[in-house]
Amino acid sequence: MHQRKQLTILTHIVCIFFCLVILAPLAWIMLNSLKTNKEMFMDSLAFPEIPQFGNYVRAWNLGLYRYFGNSVLVSAISLAGILTLSSLLAYGLTRFQAKYANVIFFIVLGGMALSEQVALVPLFKILKFFRIYDTYGAVILPYIAFRIPFTVFLMRAYFLSIPKELEEAAVVDGYNSFQIFTKIIVPISSPVIASCAIVNLNFVWNEFLFANVFLNNKALQTIPIGLMTFKGDLKVDYTTTLAGLVIASLPLICLYVTMSRQFVRGLTSGAVKG
Amino acid sequence: MKTKKHTPYLYMLPGLIMVLCFVYIPVITNIGYSFFRLSSYSAGARFVGLDNYRRFFSSDVLPIMLRNNILYAVISLIVQVGFGTVMALVLESTLLKPGASAFYRNFYYIPALISLTAVGLMFTYIYDPSVGFLNGLLKIFGIPGKGWLGDSKLAIYCIIAMSQWQFTGYITLLMVVAFQNVPRDYVEAAAIDGAGPVKRAIHIMIPQAKEQLLVCTIITIIGAFKLYTEVYSTTAGGPGNSSQVLGLFLYQQAFLHDDLGMAAVTGVFIFVITVTLSIIQIRVTRSGQE
């Protein structure tokens with residue numbers, strides 16, 4: 001038993017060591033985001049004389065607020081689109097015994113295998129042709145389309161587990177199929193919808209490839225691409241850029257801390273149970 | 001339920017149309033583009049047969065890109081999947097209390113929540129030769145600093161190291177959940193038979209979670225061949241082409257050199273690799289369903 005105790009302590013030491021490996025770069029970024037540029041250039045490992053919270057205010061006012069607003073808008077509309085279209089699709093696939101349901105499921109599932117890079121150039125041309133390029137729609141539409149396969153995959157598995165009897169009772173009460181969807185299926189499926197929402201938010205909020213190519217106008221850019229622009233604009237003002245990076249990273253970390261259960265379920269049901 | 005024959009299709013149609021229009025059509029069009037010479041900013045296109053493929057496969061940059069993408073895949077497999085799984089086993093061993101184990105697991109996952117661009121930009125400062133964290137740390141131990149991202153021999157390793165920092169905790173999280181799904185009686189039975197923690201891990205835990213392990217392996221390899229943002233936000237492929245990768249090459253050919261045909265061929269190349277791996281992944285996850 002004595003040996004076991006030593007082993008437990010050793011395990012904790014190893015685990016804490018890796019916590020430090022994760023923490024050190026982040027702590028260094030935060031430390032320097034609170035300094036003046038001069039202090040950072042003198043010694044990037046030293047503490048600031050007076051914490052410069054003004055860096056955060058400056059980063060926010062220098063354009064981050066706009067990128068933030070764009071990200072909130074793009075994420076909200078994309079999420080609404082992803083969840084609505086995916087749940088309707090999964091409902092149609094699972095609750096009707098439709099003749100071609102398997103074919104459609106196969107097509108949608110196949111979308112999971114296609115990566116964004118491969119669609120990049122033609123999408124650019126298509127968006128230009130329809131004059132959607134450099135509007136919010138230029139990223140929202142591809143985000144919705146690229147996330148439907150994965151989301152349908154998760155929702156379908158859940159919908160299949162809902163007992164048929166619930167629907168039969170609703171039919172007796174005179175519900176039509178759309179009422180069954182909104183009044184029975186959606187409320188019962190709220191856990192899986194929450195998981196899908198969080199996992200997709202993680203994707204949309206951080207997406208870079210499409211945002212970088214399809215959004216040229218600074219006034220429309222989302223946070224990931226805005227950060228690149230931001231760094232380019234500020235050049236030698238390192239500490240304000242660092243403050244901007246901290247602000248940009250906080251929302252999802254906070255969300256994870258508060259909703260880690262839904263997060264984990266979404267991530268893992270996607271990978272394991274499919 | 002009594003419904004008209006076309007009712008289910010009305011529910012499926014909007015989502016299906018989105019997927020067809022914005023996923024399938026572009027991907028198929030991309031294959032078509034690979035046989036043409038065309039520009040981003042004008043409509044003209046000239047059929048050139050396999051010329052783009054010839055140029056792609058005889059390009060000087062191709063061996064560098066393949067080396068970098070494969071290097072990224074191999075190191076990620078060893079660190080993220082290999083070491084990440086070992087950490088998951090440690091966290092799920094009986095040595096730690098559930099609360100402590102959950103804390104570590106959540107802590108390791110934090111970097112995966114930060115956007116790739118933010119992490120890329122953070123590390124350009126960490127690797128900075130004059131004010132960077134890394135050279136600052138080395139100085140304390142009296143070790144001379146290095147150029148890191150500015151050094152053509154080191155750049156790709158710096159990027160790979162950054163990714164290991166960001167995503168090892170993600171794989172650990174996925175594996176922890178897989179290990180939690182291993183039936184308790186199996187593990188307890190093995191313990192009663194006198195199997196130690198290492199034996200239990202090798203003979204019970206890992207075989208029981210092998211599907212998830214395979215999925216993690218595949219998503220890691222796919223990620224390695226889709227690599228783009230990490231390189232874009234740190235070195236942009238440089239110095240020279242030393243940290244060039246397929247995904248960034250595609251982007252640069254299309255939007256810097258206006259050579260859409262070459263970009264399309266690169267796309268087809270990535271397509272073949274990722275689709276093959278994805279089909280395997282989908283088969284694996286489907287076989288896990290009853």
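As a convention, each chain's residues are numbered from 1 in the sequence order in which they are written. The lettering of chains begins at A and the numbering of ligands begins at 1, in the order of writing. With the structure being a predicted model, the display of local features is reserved for residues of pLDDT at least 70 and the display and counting of side-chain atom pairs for 80 or more, all residues being used for whole-chain, interface and lining totals.

K.L.:
Help me out: how do you make sense of the overall build of chain A in this one?
P.N.:
Numbering of helices and strands runs from the N terminus; a helix is a DSSP stretch of H or I covering at least four residues, while a strand is a stretch of E covering at least two. When its secondary structure is counted, chain A shows 12 helices and 0 strands. For chain A, the N- to C-terminal ordering of α and β elements is α-α-α-α-α-α-α-α-α-α-α-α. The globule rule used here is 2.2 Å times the number of residues to the 0.38 power, and the radius of gyration it is set against is calculated over C-alpha atoms. Against the globule reference of 19 Å for 274 residues, chain A gives a C-alpha radius of gyration of 24 Å, more extended than a compact globule. By principal-axis analysis of the C-alpha atoms, chain A measures approximately 75 × 70 × 35 Å. Every C-beta atom is placed from the backbone, and the number of other C-beta atoms within 10 Å of a residue's own sets its class: buried at 20 or more, exposed at 12 or fewer, partly exposed in between. Residues classed as buried in chain A amount to 48% of the 274 residues present. Within chain A, contacts between residues at least 6 apart in sequence are counted, and of these 77% link residues at least 24 apart. By the criterion used throughout, residues are in contact when their C-beta atoms, derived from the backbone, lie within 7 Å.

K.L.:
Looking at this structure, how should I read the overall build of chain B?
P.N.:
Scanning chain B from terminus to terminus reveals 13 helices and 2 strands. Its C-alpha atoms give chain B principal-axis dimensions of roughly 80 × 75 × 30 Å. Considering only contacts in chain B between residues 6 or more positions apart, those separated by 24 or more positions represent 69%.

K.L.:
What is the right way to read the interface of chain A and chain B from this model?
P.N.:
Accessible area lost upon the coming together of the parts serves often as the stated size of an interface. Contacts between the two partners involve 78 residues from chain A and, on the opposite side, 73 residues from chain B. For the side of chain A that touches chain B, the element with the highest residue contribution is helix α12 (residues 238-271) of chain A, accounting for 13 residues. Each residue is assigned to one of three groups, with Ala, Val, Leu, Ile, Met, Phe, Trp, Tyr, Cys and Pro labelled nonpolar, Asp, Glu, Lys and Arg labelled charged, and all others, Gly among them, labelled polar. In the side of chain A that touches chain B, the residues fall into 60 nonpolar, 15 polar and 3 charged.

K.L.:
Explanation requested: the environment of Glu39 of chain A in the structure shown.
P.N.:
All names here are of chain A. Here Glu39 shows up in helix α2 (residues 37-42). Residue classification places Glu39 among the partly exposed residues on the basis of 18 C-beta atoms within 10 Å. Distance in space between the C-alpha atoms of Glu39 and Glu49 is 8.4 Å, their sequence separation being 10 residues. Those residues in contact with Glu39, other than ones at most four positions away along the chain, are Pro48 and Glu49.

K.L.:
Hey, could you run me through the confidence of the model for chain A in this one?
P.N.:
Keep in mind that low pLDDT regions are not for reading the predicted coordinates in detail. The score called pLDDT rates the predictor's confidence residue by residue, from a low of 0 to a high of 100. In this model, chain A carries a mean pLDDT of 88, and residues with pLDDT of at least 70 account for 96%. Mean pLDDT across the secondary structure elements of chain A bottoms out at α12 of chain A, with 81, and peaks at helix α10 (residues 209-214) of chain A, with 94.

K.L.:
Would you mind showing me how to read helix α9 (residues 197-208) of chain B here?
P.N.:
Each α-helix turn comprises 3.6 residues. Residues three or four places apart therefore point the same way. Residue and element names in this part refer to chain B. Of the residues making up α9, those classed as buried are Arg200, Ala201 and Met205. Relative to the axis of α9, the buried residues are bounded by an arc of 100° and lie together on one face. With respect to the buried face of α9, the exposed residues turned more than 90 degrees away are Ile202 and Pro207. The inward-facing, buried residues of α9 abut α3 (61-92), α7 (155-180) and α8 (184-192). Within this analysis, the arc is defined by the directions that extend from the helix axis to the C-beta atoms.

K.L.:
I'm lost on the nonpolar core in this one. Help?
P.N.:
General note: in soluble globular proteins, nonpolar side chains tend to be found buried as a group. Only buried residues count toward a nonpolar core: Ala, Val, Leu, Ile, Met, Phe, Trp, Tyr and Cys, linked into one set through C-beta atoms within 7 Å. In this structure, Leu89 and Ile148 of chain A are the most contacted members of the largest nonpolar core, which totals 164 residues. Non-local contacts of Leu89 of chain A, meaning those with residues more than four positions away in its chain, are made with Val108, Ile148 and Val152 of chain A together with Tyr11, Met12, Gly15 and Leu16 of chain B.

K.L.:
Any chance you could explain helix α12 (residues 246-255) of chain B here in plain terms?
P.N.:
Among the 10 residues of α12 of chain B, 9 are classified as buried, and the element is accordingly described as predominantly covered. Here α12 of chain B has its buried residues at Leu246, Gly247, Leu248, Phe249, Leu250, Tyr251, Gln252, Gln253 and Ala254 of chain B.

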